[in-house]
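# Coordinate inspection notes
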Amino acid sequence: MRVSVWPALLLLGTQLGALGSSSVMAAQANDFIQVFEALSGKHPGERKGHAKGICTIGSFQPGAGEPWLKELPLFATEQALPAQVRFSIAGGDPFVADTSRSPRGIGVRIELPDGQVHQLAGLTTPVFPGKNPDSFLGLLRASLAQREGEAGAVARYLQQHPDAARQGQWLKQHNPPAAYTSVNYFGIHSFIFGNEDQQKRFGRWELWPVDGEQPLTDAELAQLPNDFLQDRLIQRLKTGPAQFELKLTLAEEGDPLLDPSQQWPDNRPRVALGRLTIDSVAASACDKLNFDPNVLSKGIAASDDPVLRLRSAAYAISFGKRLSGQ
């Protein structure tokens, strides 16, 4: 079966990706590990990013809303697939307050019947703080410089790099979630969907909570303890499983395919992919898992988004340090 799409978009994305990959990027994966440790302190044995978190066990029930998606292995079966899910808070501090105005994160590992693994890594913000690794690294270094006494370093940097300001602007306008299970998670990056005999579509995934979205009130932000999110998750699961609808937003011509700092228009078509169910907390279940978003099942490929590409190397360094107690 061939999907009726516009092949020019795939060609455009490939051409842009080739241009991006051929240019010299100053930012290297280890640069991020070093600046994360400088900003948050060294915490041996912990993740260098999203250090504070909790692991859960659940399943993914495929339910693709389009026939062409059902041809992909992740959506081809009717059986529920085992899933391990980690909820977290951005940053390298494992003791950060749960009321902090920073993104929450989710990492999902789904095991397919034939042994393949598909992973998701998302944030509660629909944009990333930088159009490429250099821009993001510059923001982190400006934050460090300001912490070390350089007044106005962040404001000056953001004025020169407006793409790095978009996530912060979003966070100022949206209070943090009241629970890990009452907020949308965004894949942020573009991925390419389609088997070899299909024309391909660019898309970004999202997880929508069945419980609905519920942000903290200003009063709750001022009063809640530093570690309420884990307790709320445990209490929530005592009443039954928590669930998320996995959806795919499909790109249209003109959408920025390789810039995770930009949102796509809200009127883009969304199709159902299935339902993620969280059954129970399993504190150490994912201690030895690395939720690299470039680990994908057949028929789904990473785009040439330079931030997405760099994440594999950064995650691998963090993973190695964590397992070796560094």
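Just so we're clear, the structure is a prediction, and the values are computed from it rather than from any experiment.

Tallying secondary structure elements over the chain gives 9 helices and 10 strands in all. Rg of the C-alpha trace for the chain: 19 Å, near the compact-globule value of 20 Å for 326 residues, within the 12% margin. Taking the intrachain contacts of the chain between residues at least 6 apart in sequence as the baseline, contacts between residues at least 24 apart amount to 77%. Carbon and sulfur atoms make up 52% of the accessible area of the chain, which totals about 14,600 Å². Side chains of the chain give 32 positive and 34 negative charges; the mean places of these two sets differ by 3 Å.

The next point concerns the UniProt feature "active site" (unreviewed entry) in the chain. UniProt feature "active site" (unreviewed entry): in the numbering of this structure it lies at His-50. Tracing the backbone shows His-50 in the loop between helix H2 (29-40) and strand E1 (52-62).

Inspection of every chain in the model, using the stated rule, returns 7 aromatic pairs. When the centroid spacing of 6.3 Å and the interplanar angle of 35 degrees are considered together, the rings of Phe-87 and Phe-244 count as tilted. Here Phe-87, found in strand E2 (residues 81-89), pairs with Phe-244, found in strand E8 (residues 242-250); they are 157 residues apart in sequence, far enough to count as distant. A relative accessible area of 0% places Phe-244 in the buried class. With a centroid separation of 4.7 Å and 65 degrees between ring planes, the pair formed by Phe-128 and Phe-136 is classed as edge-to-face. The two residues Phe-128 and Phe-136 agree in class, both being buried. Over the ring of Trp-208 we find Lys-247; its NZ or CZ atom is 5.0 Å from the centre of that ring.

Turning to the side chain of Asp-163, a few remarks are in order. Within the secondary structure layout, Asp-163 lies in the loop between helix H5 (153-160) and helix H6 (166-173). There is a polar contact of 2.6 Å between the side chain of Asp-163 and the side chain of Ser-135. Leave out the neighbours within four places in its chain, and Asp-163 touches Phe-128, Pro-129, Gly-130, Lys-131, Ser-135 and Ser-261.

Per the stated rule, a full pass over the model turns up 1 disulfide. Each disulfide pairs two cysteine sulfurs, and for Cys-55 the partner residue is Cys-286, the sulfurs being separated by 1.7 Å. Around the S-S axis, the bridge from Cys-55 to Cys-286 shows a dihedral of about -90 degrees and counts as left-handed. Taken together, the residues span a long stretch of sequence, with Cys-55 in strand E1 and Cys-286 in the loop between strand E9 (270-281) and strand E10 (300-302) at a distance of 231 residues. For the residue pair Cys-55 and Cys-286, the accessibility class agrees, reading buried in each case.

With that settled, the discussion passes to the nonpolar core. Core analysis: the biggest nonpolar cluster contains 45 residues, and Leu-69, Phe-75, Phe-87 and Leu-276 have the highest contact counts within it. Once residues lying within four places of it in the same chain are set aside, the contact partners of Leu-69 are Ala-64, Phe-75, Phe-193, Leu-248, Val-271, Ala-272 and Leu-273. Residues Val-35, Leu-140, Ile-188 and Leu-310 belong to the second largest nonpolar core, which totals 16 residues.

What counts as what
- Residues numbered from 1 in each chain as written.
- Predicted model: local features only at pLDDT ≥ 70, side-chain atom pairs only at ≥ 80, totals over all residues.
- Heavy atoms only, no water.
- Helix = DSSP H or I, 4+ residues; strand = E, 2+ residues; numbered from the N terminus.
- Rg over C-alpha atoms; globule rule 2.2 N^0.38 Å.
- Contact = heavy atoms within 4.5 Å.
- Areas by Shrake-Rupley, 256 points an atom, 1.4 Å probe, with all protein chains shown as cover.
- Lys, Arg positive; Asp, Glu negative; His and termini not counted.
- Charge placed at Lys NZ, Arg CZ, Asp CG, Glu CD.
- UniProt positions renumbered as here; feature names shortened; annotations may be inferred.
- Phe/Tyr/Trp six-rings, centres within 6.5 Å; stacked < 30°, edge-to-face > 60°.
- Buried < 20%, exposed > 50% of the residue type's maximum accessible area, 1.4 Å probe, protein only.
- Lys NZ or Arg CZ within 6 Å of the ring centre and 35° of its normal.
- Polar contact = N/O pair within 3.5 Å; in protein donor to acceptor, adjacent residues only side chain to side chain.
- Disulfide = S-S within 2.5 Å.
- Core = buried A, V, L, I, M, F, W, Y, C linked by side-chain atoms within 4.5 Å.

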